[in-house]
Amino acid sequence: MKEQTLWSGGRLDSEMDREMIQLNNSLWIDQRMAKEDVQGSLAWANAIFEAGVLSRSEYDSIISGLKQISEEFSNDSFQFKSSDEDIHTAVERRLTEIIGPAGGKIHTGRSRNDQVVTDFRLWIKNHISEMKSGIETLQNAFLDRAEQDMGVILPGYTHFQQAQPILLSHWWLSHFWALERDKQRLTEAQSHADISPLGCGALAGSTLPIDRFKLAKDLGFPEPAPNSLDAVSDRDFVCDFLYEMAMIAVHMSRCAEALILYSTTEFGFITLSDRYSTGSSLMPQKKNPDSLELIRGKCGSQIGLLQAMLSTLKGLPSAYDKDLQEDKVLFFQSWDNTLLLMKVLTGVIGTLHVNADRCRQAVDTQAFATDVADYLVKKGVPFREAHHIVGKVVKRAEAKHLKLTELSLADWKEISSLFDNDLFRIFSLESAVNARAVWGGTASEQVLKQLAYAKSKMNTI
Ligand code: ARG
């Protein structure tokens, strides 16, 4: 026998077309909000009881029915039916099965329009800590590396040309701070999600004397949304989250891109663990950094999910339109991607091997050029002029096919008489690194301070 849909026999005579049912069904995605749907319904039952809609015994049976449904979700025994269009209709259908026709009273004064977005906001409230702890786990991986790799020097790049030598720990920490901003932005996004739409009905509010302030408080929201039309159509918080999750992915993708390069034969700065690499079906010698490429690749989808949500919203007039059902599809996809990518990157970083010698040897001595300019500045030469002089030195070294450090003092002196024997003291990677001792710089002492500061940011949100 065919299951009854919510509408059949009422306003609509004929059953929906098969493909229409498929398109219309959102249960496959919104059953993730099952617990929140029950949570919202429990609070709603309370609100309409207080508004005089339910008798004491109706109220009691609705509450016990909802608690049973909650149990069924917890122990995975809830049976969905093919006629369940979404999680809201599934819960109401089951409630009526358990307690009889009084179950139909739960939807008095409520619409799925305010219900769905209440569930969604509750879901975020209930799950945000998973996202934050995923970020912190990844941040910890960067902190551990920074600690472990202290003292390793590698070339620092701008324009992807060698610029100045830096500490690898400084580089690891640069990724930590990007994630720290992500954590803060998530907190901000969370605050935008933290408002109660319940009691707004389909679009214009409820005719029942509902205390929406109390209802909001019962659900843990600081306040009820002040405009019913806006409340049922506002998906800004979804965009905020999609933006933030795209941003997290962008941060991971940038890190992945650098690590892919650093793992090539040409660079050889790092070696990835086999646990995060794959081989080639054709070339026996290959070890590919697929983990990092997949992170970089998925980042494109993450950006697309934000774009898709904004595009869904742009043509919608006020209040609820069914287009909005797409919100959860996009959001949960991005959410799951973000958590998975963070776990993989955490693993990659924790297991890779740093080839400290290769890092060090890769520093081109031209990278001392700024230090030479600073040397002249200390002797009173205006920086612009010092820059010019060192440029000439670099050109001369290149013409002679020599490294900067291989030029004789005579060569140096020919370009500027200010160069002296003490010049050669600056040709040490350690002194170049440690000379950048400003707060936030790459000098060892500063990186240690930075590390301590970074650690103080953990577990604070
Ligand atoms: N499944 C719907 C959604 O996810 C629930 C709201 C349906 N509202 C309606 N008026 N048809 O958006």
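Whatever comes next refers back to the structure up there.
Asks: Would you mind going over empty space enclosed by the protein in detail, with residue names and values included?
Replies: Any empty space left between the atoms is revealed when a probe the size of a water molecule rolls over them. Inspection of every chain in the model, using the stated rule, returns one cavity of 30 Å³ or more. One number sums up the size of the largest cavity: a volume of about 40 Å³. Lining the largest cavity are Leu138, Phe142, His175, Leu179, His251, Met252, Cys255 and Leu345. Among the elements of the structure, α6 (112-148), α7 (168-193) and α10 (236-262) are those that each provide at least two residues to the lining of the largest cavity. Per element, the largest residue contribution to the lining of the largest cavity is three residues, and it comes from α10. When grouped by side-chain class, the residues that make up the lining of the largest cavity number six nonpolar, two polar and no charged.

Asks: Would you mind going over the nonpolar core in detail, with residue names and values included?
Replies: Most often, soluble globular proteins keep nonpolar side chains buried together rather than apart. Core analysis: the largest hydrophobic core is formed by 98 residues, its most contacted members being Phe241 and Phe331. By residue number, the principal contributor to this core is α10, which donates 14 residues. In this structure, Trp44, Leu54, Ile87 and Leu122 belong to the second largest nonpolar core, which totals 30 residues.

Asks: Requested: an account of the packing of aromatic side chains, with residues and values cited.
Replies: Summed over the entire model, instances satisfying the criterion amount to 31 aromatic pairs. Residues Tyr262 and Phe267 carry aromatic rings whose centres are separated by 5.8 Å and whose planes lie at 45° to one another, so their mutual orientation is tilted. The residues Tyr262 and Phe267 share a single accessibility class, namely buried. Ring centres 5.9 Å apart and planes at 10° place the aromatic pair Tyr375 and Phe419 in the stacked group. Residue Tyr375 is located in helix α14 (residues 369-378), and its partner Phe419 is located in the loop between α16 (409-415) and α17 (429-434); the two are separated by 44 residues in the primary sequence. Residue classification places Phe419 among the buried positions, given a relative accessible area of 0%. In this structure an aromatic cluster arises from ring pairing among Phe142, Tyr157, Phe160, Trp171, Trp172, Tyr262, Phe267 and Phe269.

Parameters and conventions
- Residues numbered from 1 in each chain as written.
- Predicted model: local features only at pLDDT ≥ 70, side-chain atom pairs only at ≥ 80, totals over all residues.
- Heavy atoms only, no water.
- 1 Å grid on protein atoms, 1.4 Å probe; cavity = no way out; pocket = protein on both sides within 12 Å on 5 of 7 lines; lining within 4 Å.
- Points joined across faces, edges and corners; volume = space filled by probe spheres on them.
- Helix = DSSP H or I, 4+ residues; strand = E, 2+ residues; numbered from the N terminus.
- Nonpolar A, V, L, I, M, F, W, Y, C, P; charged D, E, K, R; others polar.
- Core = buried A, V, L, I, M, F, W, Y, C linked by side-chain atoms within 4.5 Å.
- Buried < 20%, exposed > 50% of the residue type's maximum accessible area, 1.4 Å probe, protein only.
- Phe/Tyr/Trp six-rings, centres within 6.5 Å; stacked < 30°, edge-to-face > 60°.

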